[in-house]
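Remarks on the overall topology
What follows is the residue order along each chain.
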Amino acid sequence: MKKILLILVVCSLSLNPIFTNEIKATSNGKKICIDPGHQKKWNNGKEPIAPGSKMTKTKVSSGTQGVFTSIPEYVFTLDIGLKLEKELKKRGYNVFLTRSNHDVNLSNIDRAKFCNSVKADLTIRIHADGSTNKKTNGIHILYPEGSYTKAINKQSKEAAIKILEELIKSTGAKKASTDGLSPRSDITGFNWAKYPVVLPELGYMSNVKEDKKLATPAYREKLVLGISNGVDKYFDLNIAANQKYFKANKHLPIYDNRSGELIEVGKVYKGQTYPIISSSNYWYKVKFANYNGYIRKSNTRLVTNHNLRNLNVKLKPSSNKFVTIKGTAVKDNSSGKLVSFVTLQKGIEYPIIKEYSKWYQIEILGRIGYVAKLDTQKLSGGK
Ligand SMILES: [Zn+2]
């Protein structure tokens with residue numbers, strides 16, 4: 001028994017090299033606040049819908065209930081909240097929950113203030129919907145609009161769009177409320193928020209079919225993955241908007257991480273600038289072949305200005321590929337002379353955009369480059 005255990009431990013160690021963990025565990029330093037909607041006992045007291053507002057709303061409403069399963073909304077939202085916490089932690093997020101049991105008394109202001117207090121980069125308020133029309137089904141996401149939330153409207157909407165997109169992809173549900181996006185200026189939990197916030201209504205518990213679906217662990221898993229993928233996308237987007245490029249202070253390896261191990265596939269050049277897809281604590285993700293490459297952030301610096309004339313905006317690779325038969329430089333031809341800006345290792349398969357008599361045109365790290373045919377062997381189309 002002990003022996004078997006030992007073998008298992010050794011195997012799993014070699015399958016999970018330390019670098020993989022480094023990439024995953026440090027995937028970001030972003031803080032997510034999860035607010036599982038409602039609670040066991042509703043609170044009928046009133047509170048202002050926004051700071052300084054004379055309009056009031058119920059502190060916490062009872063929520064809806066499964067028309068077939070009788071599952072209360074607050075039970076569903078907490079289960080999703082806890083599953084989401086687990087998934088986001090796995091992805092390197094720092095996660096906070098407004099509640100982790102049912103027996104609480106937290107008004108919508110309390111919930112917003114809690115997420116403000118942890119300075120959450122994004123707050124996700126988990127809910128399910130109910131309608132008097134039993135046919136209504138699908139997912140929609142509420143996000144703040146209006147003057148109380150001016151500072152967070154834009155970011156919140158971006159997050160809503162990304163999360164909706166990924167939720168629809170992972171669940172196959174339809175978009176409710178026409179396009180699935182529901183801007184609101186009357187939600188207490190939004191108007192008191194200081195940081196971006198979204199409220200996914202994950203389905204209609206008043207629809208028998210959807211109620212049954214929402215009750216299954218398999219569908220809940222899809223919901224959690226959809227939200228998590230959307231969150232990832234949202235932060236990638238922000239990084240792309242603010243910190244688009246890095247400059248290498250020396251030649252640095254580019255790694256392929258698809259196997260779970262870091263395999264060097266090439267190098268970037270000292271003094272050259274490259275677009276970033278996204279960034280984590282220690283790594284940049286960059287475009288490479290038809291997968292992604294990773295470059296350590298050390299010995300680089302972020303730059304906002306660049307003079308790159310070979311950024312790829314519209315060219316798409318064909319199904320043709322070459323494989324390098326030796327280490328070879330990729331050249332930038334945009335200045336009138338050929339300047340090397342990436343080296344490809346030997347044995348790298350790479351998609352070709354266009355073939356010239358002596359050169360292959362490719363996209364690498366978001367830039368257009370040229371590789372000498374002499375250093376490569378062509379692979380037949382589609383392979
Ligand atoms: Zn609700």
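Quick caveat, the model's predicted, so the values are computed rather than measured.

Comments concerning helix H3 (residues 73-90)
- Compared with the 26 Å implied by 1.5 Å per residue over 18 residues, the 26 Å span of H3 between its first and last C-alpha is a close match.
- Burial in H3 covers these residues: Glu73, Tyr74, Phe76, Thr77, Leu78, Ile80, Gly81, Leu84 and Leu88.
- Just downstream of H3, glycine 92 is the residue with a positive phi angle, here 95°.

Describing the sheet that holds strand S7 (residues 181-184)
- Read across the sheet, six strands follow the order S4-S1-S5-S8-S6-S7 without closing on themselves; strand pairing throughout is mixed. The strands lining the two open edges of the sheet, one partner per strand, are strand S4 (94-97) and S7. When the angles between neighbouring strand axes are averaged without regard to direction, this sheet yields 25°.
- Note that strand S1 (residues 31-36) and S4 share four bridges and pair parallel. Bridge pairing in S4 places lysine 31 opposite asparagine 94.

Examining unusual backbone geometry
- Not every positive phi belongs to a glycine, and serine 177 is a case in point at roughly 55°.
- For serine 177, the position within the fold is in the loop between helix H5 (153-171) and S7.
- One non-glycine residue with positive phi stands out, namely threonine 178, at about 65°.
- Examined against the element boundaries, threonine 178 turns out to sit in the loop between H5 and S7.
- Judged by C-beta crowding, with 8 C-beta atoms within 10 Å, threonine 178 ranks as exposed.

Overview of the environment of isoleucine 352
- Within the element layout of this structure, isoleucine 352 appears in the loop between strand S20 (349-351) and strand S21 (354-355).
- Counting along the chain gives 36 residues from isoleucine 352 to lysine 316, while the straight-line C-alpha distance between them is 8.8 Å.
- Ignoring sequence-local partners within four residues, the contact set of isoleucine 352 consists of Pro317, Ser318, Asn320, Lys321, Phe322, Tyr360 and Ile362.

Observations concerning H5
- Counted at 1.5 Å a residue, the expected span for H5 with its 19 residues is 27 Å, and the 26 Å between its end C-alpha atoms agrees.
- Taken together, the buried positions of H5 are Gln155, Ser156, Ala159, Ala160, Ile161, Lys162, Ile163, Leu164, Glu166, Leu167 and Thr171.
- After H5 finishes, the residue glycine 172 shows a positive phi value of roughly 75°.

What about the confidence of the model for the protein?
- In the predicted model, the protein carries a mean pLDDT of 90, and 90% of its residues have values of at least 70.
- The model gives residues 1-27 a pLDDT under 50, and that stretch makes 23 contacts with residues more than four places away or in other chains.

A look at the pairing of strand S22 (residues 359-364)
- As judged from the two bridges shared by S21 and S22, these two strands associate in the antiparallel manner. Within the sheet, the bridge partner assigned to lysine 354 lies in S22 and is glutamine 361.
- Between S21 and S22, which pair antiparallel and follow one another directly, the connecting turn spans three residues.
- Bridge analysis of S22 against strand S23 (residues 367-372) gives six bridges, and the strand direction is antiparallel. Paired with tryptophan 359 across the two strands is alanine 372, which belongs to S23.
- Here S22 folds back onto S23, and the loop between the two strands holds two residues, one of which, leucine 365, carries a positive phi near 50°.

Parameters at a glance
- Residues numbered from 1 in each chain as written.
- Predicted model: local features only at pLDDT ≥ 70, side-chain atom pairs only at ≥ 80, totals over all residues.
- Helix = DSSP H or I, 4+ residues; strand = E, 2+ residues; numbered from the N terminus.
- Expected span 1.5 Å × (residues − 1).
- Buried ≥ 20, exposed ≤ 12 C-beta atoms within 10 Å, placed from the backbone.
- Pairing = 2+ DSSP bridges.
- Axes fitted to C-alpha atoms, helices over the stretch in contact; angles between N-to-C directions.
- Contact = placed C-beta atoms within 7 Å.
- pLDDT = per-residue confidence, 0-100.

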